[in-house]
Structures are given as structure tokens and as C-alpha cells.
Amino acid sequence: EYIDSYYFNQVEHIRFNSTVGKYVGYTEHGVKNAETWNKGSELAQELGELERYCKHNAAIYYGAVL
């Protein structure tokens, strides 16, 4: 699971969660930005990070845990 959170003044405003597959807003401002980011290139970038980093290294980390 890949999670990328955005905080301001110790309050989480937006989170990308790979299980959900999109940005989710937790404040009024965060909800507006999440809607915009889900329609733009930001979502494609996060999904690219999921493929580039997480799926590539999952087997390595999983083997180390076992």
C-alpha cells in the first residue's frame, strides 16, 4: 500500500492511498484540491510512483520480513 499525505500546520489535508486509487481530502480546502488533483496529471504521477517504487520493491521488502 502506497500512501502519500500532505500536511499543513500538523493537519492532514490530502492523502493519496493506492488502495483507494485517488486523492482524498480531509479538510474543506483539501477536498477541493483532491477533486482538482484527481482530474489532472497529479493522479497519473502518483500511479507512476506506485508502479516505479512500490511494486518494484515489494518483493524485496516482503522477503526481508519473512
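Remember, predicted model here, so these are calculated numbers, not experimental data. Numbering of residues starts from 1 in every chain and runs along the sequence as written. This being a predicted model, a pLDDT of at least 70 is required before a residue's local features are given, and a value of 80 or more before pairs of side-chain atoms are given or counted; all residues contribute to the totals for chains, interfaces and linings. Excluding hydrogens and water, the side-chain values take into account all heavy atoms of the structure.

Novice: I would appreciate a short explanation of the sheet that holds strand E1 (residues 3-8) in the present structure.
Specialist: Strand pairing in a sheet takes place through backbone hydrogen bonds and is either antiparallel or parallel in direction. At least two bridges found by DSSP between two strands is the condition for calling them paired. Numbering of helices and strands runs from the N terminus, with a helix taken as a DSSP run of H or I at least four residues long and a strand as a DSSP run of E at least two residues long. If you walk across this open sheet you meet the three strands as E1-E2-E3, and the pairing is antiparallel. Lying at the two open borders of the sheet, with one neighbouring strand each, are E1 and strand E3 (22-25). When the angles between neighbouring strand axes are averaged without regard to direction, this sheet yields 20°. In this sheet, strand E2 (residues 11-17) lies alongside E1 in antiparallel orientation, the contact comprising six bridges. Residue pairing across strands places Ser 5 opposite Arg 15, the latter belonging to E2. Where helices are involved, their axes are fitted lines through C-alpha atoms of the stretch in contact, as for all axes, and angles between N-to-C directions lie from 0 to 180°.

Novice: What exactly am I supposed to notice about the packing of aromatic side chains here?
Specialist: Any two aromatic rings considered together are summarised by their centre-to-centre distance and by the angle between their planes. By convention, a stacked pair of Phe, Tyr or Trp rings (six-membered ring in the case of Trp) has centres within 6.5 Å and planes under 30 degrees apart, an edge-to-face pair has planes over 60 apart, and any other such pair is tilted. Tallying each qualifying case throughout the model produces four aromatic pairs. Taken together, a centroid distance of 5.3 Å and an interplanar angle of 75° make the contact between Tyr 6 and Trp 37 edge-to-face. With Tyr 6 in strand E1 and Trp 37 in helix H1 (residues 28-39), this pair connects stretches of sequence that are 31 residues apart. By relative accessible area, Trp 37 is classed as partly exposed at 21%. For each residue, the accessible area found with a 1.4 Å probe, counting protein chains only, is set against the maximum for its type, and the residue is called buried under 20%, exposed over 50%, and partly exposed in between.

Novice: Just checking my understanding: could you explain a nonpolar patch on the surface for this structure?
Specialist: Like charges within 9 Å and nonpolar side chains (Val, Leu, Ile, Met, Phe, Trp, Tyr) within 5 Å are joined into patches, using only residues over 30% in relative accessible area that form no salt bridge. Surface accessibility in these figures is a Shrake-Rupley result with a 1.4 Å probe; residues are shielded only by whichever protein chains are displayed. One speaks of a salt bridge when a side-chain nitrogen belonging to Lys or Arg is within 4 Å of a carboxyl oxygen belonging to Asp or Glu. On the surface, a cluster of nonpolar side chains totalling about 330 Å² of accessible area is made up of Tyr 53, Ile 60 and Tyr 61. Mapped onto the fold, Tyr 61 is located in helix H2 (residues 41-65).

Novice: Mind showing me how you'd approach H2 here?
Specialist: One turn of an α-helix holds 3.6 residues; hence residues three or four places apart share an orientation. Taking 1.5 Å of rise per residue, the 25 residues of H2 would be expected to cover 36 Å, and the 34 Å separating its terminal C-alpha atoms lies within 8% of that figure. Those residues of H2 lying buried are Leu 43, Glu 46, Leu 50, Cys 54 and Asn 57. The elements touched by buried residues of H2 are E1, E2, E3 and H1. A helix's residues, less one, multiplied by 1.5 Å, set its expected span. The contact definition used throughout considers only heavy atoms, calling two residues in contact when any of these lie within 4.5 Å.

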